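The chain contents come next:
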Amino acid sequence: MNRTVAALGSLAAALLFAVAGIVLAPPPAAAASLVEVTNFGSNPGNMRMHIYAPDNRPANPAILVAMHGCGGSGQGFYSGSEFARLADQYGFLVIYPTATQQAGFGNCFDVWSAAAKQRNGGSDPVSIMSMVNYAQQQYRGDPQRVYATGSSSGGMMTQALMALYPDVYKAGAAFMGVPFNCFANAADFPPTNSQCVNGRMDRTPQQWGDAVRQAYPGYNGPRPRVQLWHGTADNLIPFQLLQESVEQWTNVAGLSQTPTSSDTPQANWNRRRFADSSGTVRVEAYAIQGAGHSLPSTGMARAAIDFFGLSGTTPPPTTPPPTTPPPTTPPPGSTSCRVQYAADSWNNGLVANITVTNTSPSAVNGWTVQWTWPGSQQVTSAWNATVTQTGNQVTARNVSYNGTIAANQSVSFGVQATHTGSNPPPGQFTLNGAACG
């Protein structure tokens, strides 16, 4: 009798729990999480590897390498950026390396050593390649869809990986980085005393492009598409290094320094695009007005994966016409110089980069470039030149380290300015009093 009652009680309880969905419902599937991998292959950089593999992903998912800044970690970049959430949405793998190099700040990616500047030379780039290979073998990652992104030190490594392994990375998005081969060595790396980031780095597009080509001699295949981001108020990695990176990657891609289009996709996001003859955007540069050393911020990770095509967004087949007026061509005549002017403009401000080429057969020793603003523009700051303004006339003079322009060579400098209303470009430049074309 007692057994019968107990059995009936157990049956009733079971039925009750079944109706409530407790006993009979299967346990929920484990959610995706960040996983550390300790044996991923050759690791000369002594790095740590974490990987995030979303539960819902295709058989051969794309691979994104996402890299932190100095003092950070892969786990920190996983928590502090949007890439894992976007991986859940679009089904790609995310590798989060952790650097362990101690160059001034600690946990910085090696972009300065001789080994790190040579393909398969060793150090961090080789360790990261081992991580990519691991993701391909263990998670069936698609070798035709490998991408890189990173912030600060990670943005520097992003550009390094695209230079060293153009056959591996299809595209990269570098936040607050520097061009490949900007740092001479470990002693030059800390920003407090660096030749790379103290405002003195001014190489020609050809020199920057040659640095990339020398990283993988003999390579003639396709090059990665490049997206670049920088804040105009960055007090650690100067904003003008955005232009140096633009010059590097447009030269590598065989493109003009003049953007094919310019727009403001969001408030304070000033974008220049450089497309090839087919209309594919090969280089894209964002100047974030007023932003310091704090990228990526909200929405930027999504813009990066859109650029990669991981969200189903692909580069437009054609490029819209420029939204900023082109430079005015000076009257025909014999000149000894040529000026290229490119400006990013927003509501009441602008950043302009000016490249002066000496087309005479002799070197120019000591230079003064002048122009007259046709509108209300007023210079507020400058780099790689000493700039003054009287009324609408602007005078830019060389600084101590760039006073000589050899024959057929160039020098670049930039200004930031305010304006009201329209922002037309200068109609004429002069070099030491002679009109430039």
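What you see is a predicted model; the values in this text were computed from it and never measured.

What to know about the state of the cysteines
Phase 1 of the analysis: Tallied over the entire structure, the rule returns 3 disulfides.
Phase 2 of the analysis: The disulfide that involves Cys70 links it to Cys108, with 2.1 Å between the sulfurs. Between Cys70 and Cys108 the disulfide shows an S-S torsion of about 130°. By sign, it is right-handed. With Cys70 in the loop between β3 (63-67) and α2 (74-80) and Cys108 in the loop between β4 (93-98) and α4 (123-139), this pair connects stretches of sequence that are 38 residues apart.
Phase 3 of the analysis: What makes Cys70 partly exposed here is its relative accessible area of 30%.
Phase 4 of the analysis: At a sulfur-sulfur separation of 1.9 Å, the disulfide partner of Cys182 is Cys196. Looking along the S-S bond of the Cys182-Cys196 disulfide, the torsion reads about 105°, which is the right-handed sense. Placement of Cys182 in the loop between β6 (171-175) and α6 (205-215) and of Cys196 in the loop between β6 and α6 is noted, with a sequence separation of 14 residues between them.
Phase 5 of the analysis: Among the cysteines of the protein chain that take part in disulfides, numbered as they appear in the sequence, the pairing is 1-2, 3-4, 5-6.

Notes on the packing of α4 against helix α5 (residues 153-164)
Phase 1 of the analysis: Running from amino to carboxyl end, α4 crosses α5 at an angle of 75°, the nearest separation of the two axes being 11 Å. By the criterion of interaxial angle, the relationship of α4 to α5 is roughly perpendicular. In contact with Asp124, Pro125 and Ile128 of α4, α5 contributes Met157, Leu161 and Leu164.
Phase 2 of the analysis: Across the contact of α4 with α5, the residue classes tally to 5 nonpolar, no polar and 1 charged.

Remarks on the sheet that holds strand β19 (residues 410-418)
Phase 1 of the analysis: Read from one edge of the open sheet, 4 strands run β11-β12-β19-β15, paired in antiparallel fashion. The open sheet is flanked by β11 (337-346) and β15 (378-383), the only strands paired with a single partner. Each neighbouring strand pair of the sheet contributes to a mean axis angle of 25°, computed without reference to strand direction.

Some remarks on the pattern of salt bridges
Phase 1 of the analysis: Scanning the model with the defined rule gives 9 salt bridges in all.
Phase 2 of the analysis: For Arg273, the salt bridge is made with Glu284, and the minimal N-O distance between the two is 2.7 Å. Taken together, the residues Arg273 in strand β9 (residues 269-275) and Glu284 in strand β10 (residues 281-288) connect sequence positions 11 residues apart. Taken individually, Arg273 and Glu284 each receive the classification buried, so the pair is uniform in this respect.
Phase 3 of the analysis: As a salt-bridge pair, Asp306 and Arg302 come within 2.7 Å of each other at their nearest N and O atoms. Note that Asp306 and Arg302 are positioned in helix α8 (residues 300-308) at a spacing of 4 residues, about one turn of the helix.
Phase 4 of the analysis: Its relative accessible area of 21% is what places Asp306 among the partly exposed residues.

What to know about the confidence of the model for the protein chain
Phase 1 of the analysis: Residues at a pLDDT of 70 or more form 86% of the protein chain, whose mean pLDDT is 84.
Phase 2 of the analysis: Scored below 50 in pLDDT, residues 1-30 shows 4 contacts in the model against residues more than four places distant or in partner chains.
Phase 3 of the analysis: Counted against residues more than four places away or in other chains, residues 314-334, with its pLDDT under 50, gives 33 contacts.

So, the side chain of Ser153
Phase 1 of the analysis: Mapped onto the elements, Ser153 comes out in helix α5.
Phase 2 of the analysis: Ser153 gets classed as buried once you look at its relative accessible area, which sits at 0%.

Focus: the side chain of Asn270
Phase 1 of the analysis: Tracing the backbone through its elements, the reader meets Asn270 in strand β9.
Phase 2 of the analysis: By relative accessible area, Asn270 is classed as buried at 1%.
Phase 3 of the analysis: Discounting residues that sit within four places of it in the chain, Asn270 has contacts with Asp263, Thr264, Ala285, Tyr286, Ala287, Gln289, Asp344, Ser345 and Trp346.

Cut-offs used in this document
Residues numbered from 1 in each chain as written. Predicted model: local features only at pLDDT ≥ 70, side-chain atom pairs only at ≥ 80, totals over all residues. Heavy atoms only, no water. Disulfide = S-S within 2.5 Å. Helix = DSSP H or I, 4+ residues; strand = E, 2+ residues; numbered from the N terminus. Buried < 20%, exposed > 50% of the residue type's maximum accessible area, 1.4 Å probe, protein only. Axes fitted to C-alpha atoms, helices over the stretch in contact; angles between N-to-C directions. Parallel < 35°, antiparallel > 145°, perpendicular 65-115°, else oblique. Contact = heavy atoms within 4.5 Å. Nonpolar A, V, L, I, M, F, W, Y, C, P; charged D, E, K, R; others polar. Pairing = 2+ DSSP bridges. Salt bridge = Lys/Arg side-chain N within 4 Å of Asp/Glu carboxyl O. pLDDT = per-residue confidence, 0-100.

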